[in-house]
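Single-letter residue listing:
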Amino acid sequence: MSTPVKIFFLGATGYIGGSVLNRFLEHRDAAQFAFTVLVRSADKAEKLKALGLKPVIGTLQDLTLLEDLSADADIVVSTADCDDVPMIKAILKGMKKHHATTGAVPILLHTSGTGVLADDAAGDRPWDVIYNDNDADQIESLADTQQHRYVDLEIVRADKEGYVKTYIVLPSTIYGIASGRLADEGIQNKQSVQIPSIIRASLGRKRGGMVGNGLNIWNNVHIGDGTPEGCNAQIFADKRTGPSVSNLYIVIYDAIKSNPDSVPHGREGFYIGENGEHTLHEVGKRVAEELVALGKATDPVPTPFTEEEIKTYFGGSTFWGTNSRGRSNRSKAVGWKPAKTTKDMLDSIRPEIEFILTNPSSKWRP
């Protein structure tokens, strides 16, 4: 019997994390994985246990626990927080112990985001700078002060020291309602953040909206796009809209397993998840039109959120007015094959609105 691959997983209850974990559970090698999953809720811990996983109750602030669990893992999959520097330092400290104890080099699959590429346009202008994930020099030119960058740099430094191999996934605007075992069991969050936030604000004001004039541009990617070969093909055929940009994590894992020396890591190990672009005006326009169709608004033309609305719905942040443009050339080079496009993203808005209207946990209130 082969030795199990020990995987410490963070963020299983989240939209991305639950989708990634679901894909690992569907992997053809799933029987060889021994998962330890950090979770805050005792109820969700029991649900994870019923799926054959080992839950550990704790939080991202339990740094000694994070260190110990990381020290015991062959692979750490981090999908919980891309801005928590103490968290990542504890994880890396544990992985360094793993290397010192076993001589093996563990793997870190970490979730960042294309927010690291964002500017300060406030919806008033597009941006012609496009970041290529296959261009390490360009990625390295990002300012240390960019969102997510402090954590990304800690990870790259650790890889350079040689005790861990690191792979950073950068999802763009993710869309689609998550499905699968973790979603069905009520373990994970089923919705993303960006488009649902715009929908909730638009429902609140009873009209579609955007930050500024919505001229800013973002990439988009479906949560279930890019089916990897390492997973059960029939499951993927049956769940075309199910969870996983999470498939990108599986593609990277399979590539490492197949030929580890061929998979860029560390400074070169940035993998953007995108398959199309949109302006935020396009999103605001489709939201406005669908609200009218659903009887929740009377005008199909979106307007800029007021300063007061930005304070009310977005905490005063104009982040949804930024530009963030990248290309997933390295991701596709290792075998990721996304299919859904910007049209699919726009078509997903109606189901997102309907989900919010019928989901009692929605933050929007009529």
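Residues numbered from 1 in each chain as written. Predicted model: local features only at pLDDT ≥ 70, side-chain atom pairs only at ≥ 80, totals over all residues. Heavy atoms only, no water.

An unreviewed UniProt entry annotates the protein chain as NAD(P)-binding domain-containing protein originating from Gymnopilus dilepis.

Let us now look at the sheet that holds strand β8 (residues 173-175). Strand order in the open sheet formed by three strands is β8-β10-β12, with mixed pairing between adjacent strands. A single partner strand is all that each edge strand has here, and the edge strands are β8 and β12 (277-279). For this sheet, the mean inter-axis angle between neighbouring strands, taken without regard to orientation, is 45°. Where β8 lies against strand β10 (residues 217-222), three bridges are found, and the strand directions are parallel. Residue pairing across strands places Tyr175 opposite His222, the latter belonging to β10. In the packing of helix α11 (residues 280-293) onto the sheet, contacts are made with β10 and β12, and the angle to β12 comes to roughly 70°. (Pairing = 2+ DSSP bridges. Helix = DSSP H or I, 4+ residues; strand = E, 2+ residues; numbered from the N terminus. Axes fitted to C-alpha atoms, helices over the stretch in contact; angles between N-to-C directions. Contact = heavy atoms within 4.5 Å.)

Here we come to the UniProt feature "domain: NAD(P)-binding" (unreviewed entry) in the protein chain. The UniProt record annotates "domain: NAD(P)-binding" (unreviewed entry) at residues 11-100. Counting secondary structure, residues 11-100 comes out at 50% helix and 17% strand; the distance between its end C-alpha atoms is 26 Å. (UniProt positions renumbered as here; feature names shortened; annotations may be inferred.)

The final tally for this structure, using the stated rule, is 23 salt bridges. A salt bridge links Asp120 to Arg125; the nearest nitrogen and oxygen atoms lie 2.8 Å apart. Its salt-bridge partner being Arg325, residue Glu277 comes within 2.7 Å of it at the nearest N-O pair. Of the two residues, Glu277 is situated in strand β12 and Arg325 in the loop between α12 (307-314) and β14 (326-327); the sequence distance between them amounts to 48 residues. Here Glu277 falls in the partly exposed class, since its relative accessible area comes to 23%. One salt-bridge network, in which partners are shared between bridges, spans Lys285, Arg286, Glu289, Lys343 and Asp347. (Salt bridge = Lys/Arg side-chain N within 4 Å of Asp/Glu carboxyl O. Buried < 20%, exposed > 50% of the residue type's maximum accessible area, 1.4 Å probe, protein only.)

On to the packing of helix α1 (residues 15-25) against helix α10 (residues 247-258), then. Where α1 meets α10, the axes come as close as 8 Å, and the angle between the chain directions of the two elements is 45°. In terms of their interaxial angle, α1 and α10 are classed as oblique. Crossing angle aside, the handedness with which α1 passes α10 is right-handed. Residues Ile16, Val20, Arg23 and Phe24 of α1 touch α10, and the partners they reach there are Asn247, Tyr249, Ile250 and Tyr253. Its residues assigned to classes, the contact of α1 with α10 comprises six nonpolar, one polar and one charged. (Parallel < 35°, antiparallel > 145°, perpendicular 65-115°, else oblique. Left-handed = near helix turned anticlockwise from the far one by under 90°. Nonpolar A, V, L, I, M, F, W, Y, C, P; charged D, E, K, R; others polar.)

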